[in-house]
Amino acid sequence: MSRSREPRRPDVTTVELVGGVEALGLELYSHDERWAETYLAHRARIRDALATVGVGIEHIGSTSVPGLAAKPIIDIVVTVDDITAEEDYLDPLLTAGYELRVREPGHRLVRTPARDVHVHLYGRGDPAVDDYLLLRDHLRSDADDRALYESTKRALLRERWHDTNDYSDAKTDVILAIKARAREARGR
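Report follows, based on the coordinates. Since the structure is predicted, the reported quantities are computational estimates derived from the model, not experimental observations.

### Some details on the overall build of the protein
Counting its secondary structure elements, the protein contains 6 helices and 6 strands. Ordered by position from the N terminus, the helices and strands of the protein form the series β-α-β-β-α-β-β-β-α-α-α-α. Compactness check: the protein gives a C-alpha radius of gyration of 17 Å against a globular reference of 16 Å for 188 residues, within 12% of the reference. Taken over the C-alpha atoms alone, the protein extends approximately 45 × 40 × 35 Å along its principal axes. By residue count, 43% of the 188 residues in the protein fall in the buried class. Sequence separation of 24 or more characterises 68% of the internal contacts of the protein that already satisfy a separation of 6 or more.

### Overview of the packing of aromatic side chains
The final tally for this structure, using the stated rule, is 1 aromatic pair. The ring of Tyr98 carries the charged tip of Arg45 above its face, separated from the ring centre by 4.3 Å.

### Comments concerning unusual backbone geometry
The bulk of non-glycine residues show a negative phi, and the bulk of peptide bonds are trans. In this model, Arg115 sits at a positive phi of 65°, which is unusual for a non-glycine residue. With respect to the element layout, Arg115 can be found in the loop between strand S5 (107-111) and strand S6 (117-123). Judged by relative accessible area, Arg115 falls into the partly exposed class, the value being 43%.

### Observations concerning the nonpolar core
Residues Ile46, Leu50, Ile76, Val78, Val110, Val119 and Leu121 are the most contacted members of the largest nonpolar core, which totals 22 residues. At the level of secondary structure, the elements contributing two or more residues to this core comprise helix H1 (34-49), strand S3 (74-80), helix H2 (86-95) and S6. The leading source of residues in this core is S3, at 4 residues. Excluding residues within four positions of it along the chain, Leu50 makes contact with Val55, Val78, Asp88, Tyr89, Pro92 and Leu93. In terms of nonpolar packing, the next biggest core, distinct from the first, is built from 7 residues, Leu68, Tyr149, Ile175 and Ile178 among them.

### So, the packing of helix H3 (residues 127-141) against helix H4 (residues 143-156)
Following both chains from N to C, one finds H3 and H4 inclined at 110°, their axes separated by 6 Å at the closest point. With respect to their mutual orientation, H3 and H4 come out roughly perpendicular. Between H3 and H4, the residues in contact are His138, Leu139, Arg140 and Ser141 and Ala143, Asp145, Arg146 and Tyr149, respectively. Residue composition of the contact of H3 with H4, by class: 3 nonpolar, 2 polar and 3 charged.

What counts, and at which threshold
- Residues numbered from 1 in each chain as written.
- Predicted model: local features only at pLDDT ≥ 70, side-chain atom pairs only at ≥ 80, totals over all residues.
- Heavy atoms only, no water.
- Helix = DSSP H or I, 4+ residues; strand = E, 2+ residues; numbered from the N terminus.
- Rg over C-alpha atoms; globule rule 2.2 N^0.38 Å.
- Buried < 20%, exposed > 50% of the residue type's maximum accessible area, 1.4 Å probe, protein only.
- Contact = heavy atoms within 4.5 Å.
- Phe/Tyr/Trp six-rings, centres within 6.5 Å; stacked < 30°, edge-to-face > 60°.
- Lys NZ or Arg CZ within 6 Å of the ring centre and 35° of its normal.
- Core = buried A, V, L, I, M, F, W, Y, C linked by side-chain atoms within 4.5 Å.
- Axes fitted to C-alpha atoms, helices over the stretch in contact; angles between N-to-C directions.
- Parallel < 35°, antiparallel > 145°, perpendicular 65-115°, else oblique.
- Nonpolar A, V, L, I, M, F, W, Y, C, P; charged D, E, K, R; others polar.

Have a look at this one:
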């Protein structure tokens, strides 16, 4: 590993959930073409905020998949050279109007005050980013898995959830199965 890719400091070792557990009131909406426009506006906002930092920016999550019902929260993944160098990216994003929600090993999450855009930050090369893109791309191209994922989300939202993280965790088995089929379809 080159010297420039080594972290500046050790990463955090615990999960910090800024603001604590939040009550969940979610529903799914039919895909809305405006979600792509919202993503593009935030991509520009993030690029402007991080103009001096080389970043990758991708639209992920259900709102990035045409034809898939979703909760109206735009998920964006941003890759940075060093997740531990928060001074390079976190302060500029906070200045741009985002709020810190999660700090955990290898991952930071900032979001809008309206909670309608979540920006996930990872170090460049983190396998989680590849997983997000694998799932997104597969759901875009596979109608059966897209329907399975949507029906799973609809079934889970019939239950009462006290925290968004619990709802997300409940989708894990289906997501893992879909990603396994996506990897098989890619031939790896």
